[in-house]
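# Structure assessment
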Amino acid sequence: MAHNLAAFLYLVSGILFILALRGLSHPTTSRRGNTYGMIGMAIAIGTTLILASPGFGGLVLILVGLAMGGGAGAYIAQRIPMTAMPQLVAAFHSLVGLAAVLVAAAAIYTPSSFGIGEVGSIHAQALIEMSLGVAIGAITFTGSIIAFLKLDGRMSGKPIMLPGRHALNAGLGLALVVLVVVLVATESHFVFWLIVALSLLLGVLIIIPIGGADMPVVVSMLNSYSGWAAAGIGFTLGNLALIITGALVGSSGAILSYIMCKGMNRSFISVILGGFGGETAAAADDGIERTVKQGSADDAAFLMQNASKVIIVPGYGMAVAQAQHALRELADTLKEAGVEVSYAIHPVAGRMPGHMNVLLAEANVPYDEVFELEDINSAFAQADVAYVIGANDVTNPAARDDPSSPIYGMPILDVDKAKTCLFVKRSLGSGYAGIDNTLFYKDGTMMLLGDAKKMTEEIVKAMEH
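By convention here, each chain's residues receive numbers from 1 onward along its written sequence. Reporting in this predicted model follows two pLDDT cut-offs: at least 70 for local features of residues, and 80 or more for side-chain atom pairs to be given and counted; totals over whole chains, interfaces and linings ignore these cut-offs and use all residues. Think of the side-chain values as coming from all heavy atoms in the structure, minus any hydrogens and water.

## With respect to the overall build of the chain
Here is the rule: The helix count covers DSSP runs of H or I at least four residues long, the strand count covers runs of E at least two residues long, and both are numbered beginning at the N terminus. Put simply, the radius of gyration uses C-alpha atoms, and a globule should come to 2.2 Å times the residue count raised to 0.38. Each residue gets one of three labels from its accessible area relative to the maximum for its type: buried under 20%, exposed over 50%, partly exposed in between, using a 1.4 Å probe on protein chains only. Every residue pair with non-hydrogen atoms within 4.5 Å of one another is taken to be in contact. Note that accessible areas follow from Shrake-Rupley with a 1.4 Å probe, and for residues the cover is restricted to the protein chains shown. Here the positive residues are Lys and Arg and the negative ones are Asp and Glu; neither His nor the chain ends is included. For this purpose, a charge sits on NZ of Lys, CZ of Arg, CG of Asp or CD of Glu.
Secondary structure summary: the chain contains 18 helices and 8 strands in total. Taken over C-alpha atoms, the radius of gyration comes to 25 Å for the chain, in line with the 23 Å a tight globule of 465 residues would show. Projected onto the principal axes, the alpha-carbon positions of the chain cover approximately 80 × 50 × 30 Å. Counting over 465 residues, the chain shows a buried share of 47%. A sequence separation of at least 24 residues applies to 75% of the contacts in the chain between residues at least 6 apart. Total accessible area on the chain is roughly 21,400 Å²; 65% of this is exposed by carbon and sulfur atoms. For the chain, the centre of its 25 positive side-chain charges and the centre of its 33 negative side-chain charges are spaced 2 Å apart.

As structure tokens, then:
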């Protein structure tokens with residue numbers, strides 16, 4: 001009876017997780033989605049504790065672990081800036097992978113505690129599930145650490161191309177398949193740890209050849225991996241909630257990876273193989289001297305006040321400067337003057353889908369003013385001003401016009417089609433992809449060099465005078 005009730009409660013928590021994902025798909029329902037997710041997790045944890053009946057000593061250890069993990073998570077969540085969110089996600093993915101490895105290790109050493117047999121006679125199905133879970137978990141662990149180091153600047157974002165890397169990775173993959181077969185046949189602890197070791201190595205080798213421009217796709221891919229690792233271990237444990245949650249994370253991560261690859265004109269297979277995106281680390285310097293038109297806050301204020309339609313394009317530079325509140329003030333000032341204002345969001349602006357949406361929501365920007373690329377791109381031709389605030393690669397016309405460019409074919413926001421493009425940036429340096437932005441040198445572009453927040457505030461002050 002207890003097991004039937006537990007299965008029912010796990011199913012309820014799984015349904016809540018599905019509702020959480022659905023809620024998080026839109027800003028207006030995101031708070032409700034978060035609430036569903038928290039309630040679902042509370043039900044899953046409570047059900048597991050009741051079902052396990054750990055006794056007083058075990059319960060104390062579990063509660064101490066929950067307090068430590070929850071406290072650390074709350075502390076990090078409060079202190080982490082939005083600009084560091086991609087690397088934070090990568091770091092957390094590594095913990096999911098590590099958890100899968102540790103749970104699998106506990107299962108193979110004490111199978112009776114997990115209901116999968118006895119030492120020396122573990123069910124073959126459980127061994128296969130365990131092997132898949134531990135392999136994916138170990139790959140996720142080291143791969144996520146490399147992604148974190150690259151995103152956080154603690155490791156060069158340039159690709160590290162090992163000779164014969166594809167053959168090496170294929171050989172390791174084949175060796176893992178053979179070792180899984182051997183583990184199922186022998187239940188050898190040595191083979192188990194050999195699978196872990198090879199998977200850890202494979203996680204490093206898969207990620208190090210991938211260039212910095214493709215890191216957002218890598219983070220999304222690792223998110224998917226962590227879900228499948230959890231689902232694999234969920235089968236081993238016979239835990240319905242873990243299976244549902246893992247499958248949700250795995251499938252949603254895969255879909256997100258596809259969306260990001262499409263948004264960056266990347267081949268998913270090529271990114272995973274580390275053979276694409278690395279070449280973007282080199283800036284496009286053809287030796288031709290170009291000039292830019294540099295303006296001031298007063299110039300920008302005059303142009304925007306006399307416009308009828310302004311489209312704001314936020315990017316990573318806005319996130320770094322924390323300029324979203326100043327941007328909202330600018331938009332409000334323009335709307336008071338009768339100017340139509342809207343926001344254009346690229347799918348990978350800010351190095352992570354939804355990054356800009358969250359920042360704008362934090363500044364209470366109305367949701368109906370925020371549009372995705374496909375919904376607003378045609379409107380730039382009718383706009384008087386495109387105000388680009390730190391969005392570099394996703395506005396680079398080379399992706400549309402230059403077949404020799406490493407980012408050629410990547411969908412961009414057509415800001416250069418507006419009558420005037422005001423581009424706020426600290427310098428004329430290249431963006432995350434490492435290539436020059438030809439937008440800087442176009443006749444209709446005015447560069448506003450400086451800190452995004454300070455420049456936007458100065459524009460607002462100029463409008464008020």
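The structure having been displayed, the exposition proceeds.
## Side note on helix H9 (residues 215–237)
Note the threshold: To estimate how far a helix should reach, multiply one less than its number of residues by 1.5 Å.
Taking 1.5 Å as the rise per residue, H9 with 23 residues should run 33 Å; its terminal C-alpha atoms sit 33 Å apart, in good agreement. A large share of H9 lies buried, amounting to 19 of its 23 residues. Directly after H9, the chain includes Gly238, whose backbone phi takes a positive value near 65°.

## With respect to a nonpolar patch on the surface
This is how it is decided: For patch detection, residues must exceed 30% relative accessible area and be free of salt bridges, and they are connected within 9 Å for like charges or within 5 Å for nonpolar side chains (Val, Leu, Ile, Met, Phe, Trp, Tyr). Here a salt bridge means any side-chain nitrogen of Lys or Arg lying within 4 Å of a carboxyl oxygen belonging to Asp or Glu.
Taken together, the side chains of Met41, Ile45, Leu59, Ile62, Leu63 and Leu66 make up a nonpolar region of the molecular surface, amounting to roughly 440 Å² of accessible area. Listing elements by their share of the nonpolar patch, those giving two or more residues are helix H2 (30–52) and helix H3 (55–79). You can see Leu66 is positioned in helix H3. Residue class for Leu66 comes out partly exposed when judged on its relative accessible area of 38%.

## A closer look at the pairing of strand E7 (residues 420–425)
Applied cut-off: Whether two strands pair depends on DSSP finding at least two bridges between them.
Of all 6 residues making up E7, 6 are buried, and the element is well covered by its neighbours. A two-sided burial pattern is seen for E7, the buried positions comprising Thr420, Leu422 and Val424 on one face and Cys421, Phe423 and Lys425 on the other. One ladder, built from 5 bridges, connects strand E6 (residues 385–389) with E7; its direction is parallel. Counterpart to Val388 in the pairing with E7 is Phe423. Both E7 and strand E8 (residues 445–449) contribute to a ladder of 5 bridges, which runs parallel. Within the sheet, the bridge partner assigned to Leu422 lies in E8 and is Met446.

## Quick word on empty space enclosed by the protein
Worth spelling out the cut-off: Cavities and pockets are found on a 1 Å grid laid over the protein atoms alone: a cavity is a set of points where a 1.4 Å probe fits but cannot escape, a pocket is an open set with protein on both sides within 12 Å along at least five of seven lines, and a lining residue has an atom within 4 Å of such a point. Grid points are joined across faces, edges and corners, and a volume is the space filled by probe spheres set on the points. Here the term charged refers only to Asp, Glu, Lys and Arg, the term nonpolar to Ala, Val, Leu, Ile, Met, Phe, Trp, Tyr, Cys and Pro, and the term polar to all other amino acids, Gly among them.
One pass over the full model with this rule turns up 1 cavity of 30 Å³ or more. Estimated volume of the largest cavity: approximately 30 Å³. Lining the largest cavity are Ile160, Leu162, Arg165, Leu168, Asn169, Leu205, Ile208 and Pro209. With 3 residues, the top contributor of residues to the lining of the largest cavity is helix H7 (residues 165–186). Looking at side-chain class alone, the lining of the largest cavity contains 6 nonpolar, 1 polar and 1 charged residues.

## Some words on the environment of Ala363
Assignment of secondary structure puts Ala363 in the loop between helix H15 (355–362) and strand E5 (370–372). Of the residues examined, Ala363 reaches a relative accessible area of 5% and is grouped as buried. Residues Ala363 and Ala323, spaced 40 residues apart in sequence, show a C-alpha to C-alpha distance of 9.3 Å. Those residues in contact with Ala363 that lie beyond four places of it in its chain are Gln324, His325 and Arg328.

## As for unusual backbone geometry
Although it is not a glycine, Gln322 sits at a positive phi angle of roughly 55°. As for its position among the elements, Gln322 is in the loop between helix H13 (316–321) and helix H14 (324–336). A positive phi angle, close to 60°, is found at Asn364, a residue other than glycine. For Asn364, the location among the structural elements is in the loop between H15 and E5. The class for Asn364 is exposed, based on a relative accessible area of 56%.

## So, the UniProt feature "transmembrane region" (unreviewed entry) in the chain
How we decide: UniProt positions are given in the numbering used here, feature names are shortened, and annotations may be inferred rather than shown by experiment.
Look at the UniProt record and you will see "transmembrane region" (unreviewed entry) annotated at residues 6–24, 36–53, 59–77, 89–110, 130–151, 167–185 and 191–210. Between the C-alpha atoms that bound residues 6–24 the distance is 27 Å, and the span itself is 100% helix and 0% strand. Helix makes up 95% of residues 89–110 and strand 0%, and the two end C-alpha atoms of the span are 32 Å apart.

## Quick look at the packing of aromatic side chains
Two descriptors summarise a pair of aromatic rings, namely the distance from one centre to the other and the angle between the planes of the rings. Spelled out, the test is: Two rings from Phe, Tyr or Trp (for Trp, the six-membered ring) form a pair when their centres are within 6.5 Å of each other. A pair whose planes differ by under 30 degrees is stacked, one over 60 is edge-to-face, and the rest are tilted.
Throughout the structure, instances matching the rule amount to 3 aromatic pairs. Aromatic pair Phe192 and Trp193: ring centres 5.1 Å apart, planes at 85°, arrangement edge-to-face. For Trp193, a relative accessible area of 37% puts it in the partly exposed group. Consider the rings of Phe440 and Tyr441, whose centres lie 6.2 Å apart with planes at 70°: the pair is edge-to-face. Taking the relative accessible area as the measure of exposure, Tyr441 reaches 22% and is therefore partly exposed. Taken together, the aromatic side chains of Phe423, Phe440 and Tyr441 make up a single cluster linked through ring pairs.

## Observations regarding the confidence of the model for the chain
Using the following cut-off: Values of pLDDT, ranging from 0 to 100, describe the predictor's confidence in every residue of the model.
Per-chain confidence: the chain averages 86 in pLDDT, with 92% of residues scoring 70 or above. Note that pLDDT drops below 50 for residues 275–287; the model gives that stretch 30 contacts with residues more than four away or on any other chain.

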